[in-house]
Amino acid sequence: MTREKVFDRLELRERLIEKLQRMKVKRSENFEVFSEVFNVEVLMQLYELLRKGFLKEFNGEISSGKESKVFHAIAKGNIEVAVKIYLTVNTEIRRMMLKYIIGDRRFERIKSDSRSLVYTWARKEYANLDTLYNAGLLVPKPMLVQKNILIMKFIGENGQRAPLLKELPELDNPHEIYEQIIDFIIKSYSKAKLIHADLSEYNIMIWSGKPFIIDVSQAVPVTHPLAEEFLRRDIENINRFFIRKGWITEEVSVEEVIRRIG
Ligand SMILES: Nc1ncnc2c1ncn2[C@@H]1O[C@H](COP(=O)(O)OP(=O)(O)O)[C@@H](O)[C@H]1O
Ligand SMILES: [Mg+2]
C-alpha cells in the first residue's frame, strides 16, 4: 500500500465515523473496528509512522494468523521490515496468553482487559527479541513496538520472505541446521535466560543457510514455573520433526541438552 492509499483509507474511515457521530451514534469500539486489523487506532499509528518517515512504504500481507497479521514494509534507509499487528483476542486466546504471562515477573503487573493484554503481548515479543538478539542469537532484529504493532527486520529479500523450515522439502545441510537449532535452545537458556516455548518447524525460517527463530511472544524466563515443561516440549518438537524427515538418525536427548546447558 502506498503512503497515499493509507492516507485515503484513513480519511475514509474518519469520515465514516464523523457521519456516524452526526447520526448521534455513540462512538463505540465496534464502529471503529471496520476491519479486523485496520481499525482506526492501527491506521492512526501507521499514518504517524509514515508521516514521520519511520516507514516509507507499507506493503502486502505476508501472513495471517489467529493472533496477528504480518506485513512487509520499507523503513527509513530502505530497510525491509516485517510489521506484526496483533489482533484483538477472544477468551480462549486470552487464557493461553495468561499462561505465558503469569509467572513472568517482567510482565505480571499488567491490566487484564483485552486491549492491555494484547499490548503486553506485543511488548513481551519485543523484549524477548531484544534479549535474544543482544545475546547474539539468530532472531529478527526488533526495531519498534507501539501499542499492538511490532516492527522488526525482514527475513528475506525484495519482499519475498524466507521459507519456513516446514516448507522445505530438502535441506543442503540438515545436520548443521539441526545442531544450530539445538545450540539456539542451549544459548537461549544459558545466555538470554529464556525458553522459546513454541519452537517448531513453523517458527524457524531458513535464510542464508542458517535457521532464524521467530515468533517469540510466548517465550518465558527460565524462572517461569512451567519452564521445564516448555523446554522439554521445544526439544521434543525439533527432534520429532528432524527424525520424521529422515534428516537425522540420532537425536540429542532432552537430558543431553539439559546437561549441555550446564
Ligand atoms: N521478521 C520476519 N521476516 C519475514 N517474515 C516474517 C517475519 N516474522 C514473521 N514472518 C512471517 O509471518 C508468519 C507469522 O509470524 P509469527 O511471528 O510466526 O506469528 P504467528 O505464528 O503467531 O502468526 C511467519 O510464519 C512468517 O512467514
Ligand atoms: Mg508462528
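None of the values given here were measured: they were computed from a predicted structure.

Glancing now at the site of ligand 1. Close to ligand 1 lie 17 residues; Ser 63, Gly 65, Ala 82, Pro 140 and Asp 215 are nearest. Broken down by secondary-structure element, the contributors of at least two residues to the shell around ligand 1 are strand E1 (55-64) and strand E2 (68-75). Each of two domains, domain 1 (3-160) and domain 2 (162-261), supplies a minimum of three residues to the shell around ligand 1.

Moving on: the packing of helix H6 (residues 174-190) against helix H8 (residues 254-261). Where H6 contacts H8, the axes come no closer than 9 Å and their chain directions differ by 45 degrees. With respect to their mutual orientation, H6 and H8 come out oblique. Pair H6 / H8 crosses with right-handed handedness. When H6 is examined against H8, the residues Ile 182, Ile 185, Ile 186, Tyr 189 and Ser 190 are found in contact with a partner set consisting of Val 257, Arg 260 and Ile 261. Its residues assigned to classes, the contact of H6 with H8 comprises six nonpolar, one polar and one charged.

Attention shifts here to helix H3 (residues 40-51). With twelve residues, H3 ought to run about 16 Å at 1.5 Å a step, and its terminal C-alpha atoms sit 16 Å apart, in line with that. Within the span of H3, buried status applies to Val 40, Val 42, Leu 43, Leu 46, Leu 49 and Leu 50. Immediately beyond the C-terminal end of H3, within one or two residues, lies Gly 53, with a positive phi of roughly 85 degrees.

On to the pairing of strand E3 (residues 79-86). Counting buried positions over the eight residues of E3 gives six, a clear majority of the element. In this structure, E2 lies alongside E3, joined through eight bridges in antiparallel fashion. Bridging from a neighbouring strand, Val 70 pairs with Lys 84 of E3. Between E2 and E3, which pair antiparallel and follow one another directly, the connecting turn spans three residues, one of which, Gly 77, has a positive phi of 80 degrees. Relative to strand E5 (residues 149-153), E3 runs antiparallel, the two sharing five bridges. Looking at the pairing, Lys 84 lines up with Leu 150 of E5.

A separate point is the pairing of E1. Bridge count for E1 against E2 is six bridges, and the pairing is antiparallel. Bridged to Ser 64 within E2 is Lys 69. Adjacent in sequence and paired antiparallel, E1 and E2 are bridged by three residues.

All right, on to the domain arrangement of the chain then. Domain assignment breaks the chain into domain 1 (3-160) and domain 2 (162-261). Computed from C-alpha atoms alone, the centre-to-centre distance between domain 1 and domain 2 is 26 Å. Listed per partner, the contact involves 17 residues of domain 1 and 24 residues of domain 2. Looking at the side of domain 1 that touches domain 2 element by element, the count peaks at seven residues for helix H5 (residues 114-134). Each residue belonging to the side of domain 1 that touches domain 2 can be placed in one class, and the counts come to ten nonpolar, four polar and three charged.

Tracing the sequence through the fold places Ile 195 in strand E8 (residues 194-195). Residues Ile 195 and Ile 258, spaced 63 residues apart in sequence, show a C-alpha to C-alpha distance of 12 Å. Apart from residues lying up to four places away in sequence, Ile 195 is in contact with Ser 188, Tyr 189, Ala 219, Val 220, Val 222, Ala 227, Phe 230, Leu 231 and Asp 234.

Between two packed helices, the angle of one axis relative to the other and the distance separating the axes together describe the packing. In the contact formed by helix H4 (residues 91-101) and H5, the axes pass within 11 Å of each other and the chain directions differ by 50 degrees. One element, H4, and the other, H5, form an angle in the oblique class. Crossing geometry of H4 relative to H5 is assigned as left-handed. Counted together, Arg 94, Met 97 and Ile 101 of H4 and Ser 114, Leu 117, Thr 120 and Trp 121 of H5 form the full contact between these two elements. Counted by class, the contact of H4 with H5 contains four nonpolar, two polar and one charged residues.

Reading across the sheet, the five strands line up as E1-E2-E3-E5-E4 and stay open at both edges, with antiparallel pairing between neighbours. On the outer flanks of this sheet lie E1 and strand E4 (142-146), each paired with one strand and no other. In this sheet, adjacent strand axes meet at a mean angle of 20 degrees when their direction is disregarded. Bridge analysis of E4 against E5 gives four bridges, and the strand direction is antiparallel. Residue pairing for E5: Val 145 is matched across the bridge by Leu 150. Contacts between H3 and the sheet are confined to E1, E3, E4 and E5, with E1 contributing the most and set at about 140 degrees to the helix. Contacts from H5 reach E3, E4 and E5 within the one sheet, and its direction differs from that of E4 by about 160 degrees.

Rules behind the numbers
Residues numbered from 1 in each chain as written. Chains lettered and ligands numbered in written order. Predicted model: local features only at pLDDT ≥ 70, side-chain atom pairs only at ≥ 80, totals over all residues. Near = placed C-beta within 6 Å. Helix = DSSP H or I, 4+ residues; strand = E, 2+ residues; numbered from the N terminus. Domains from an automatic or database assignment. Axes fitted to C-alpha atoms, helices over the stretch in contact; angles between N-to-C directions. Parallel < 35°, antiparallel > 145°, perpendicular 65-115°, else oblique. Left-handed = near helix turned anticlockwise from the far one by under 90°. Contact = placed C-beta atoms within 7 Å. Nonpolar A, V, L, I, M, F, W, Y, C, P; charged D, E, K, R; others polar. Expected span 1.5 Å × (residues − 1). Buried ≥ 20, exposed ≤ 12 C-beta atoms within 10 Å, placed from the backbone. Pairing = 2+ DSSP bridges.

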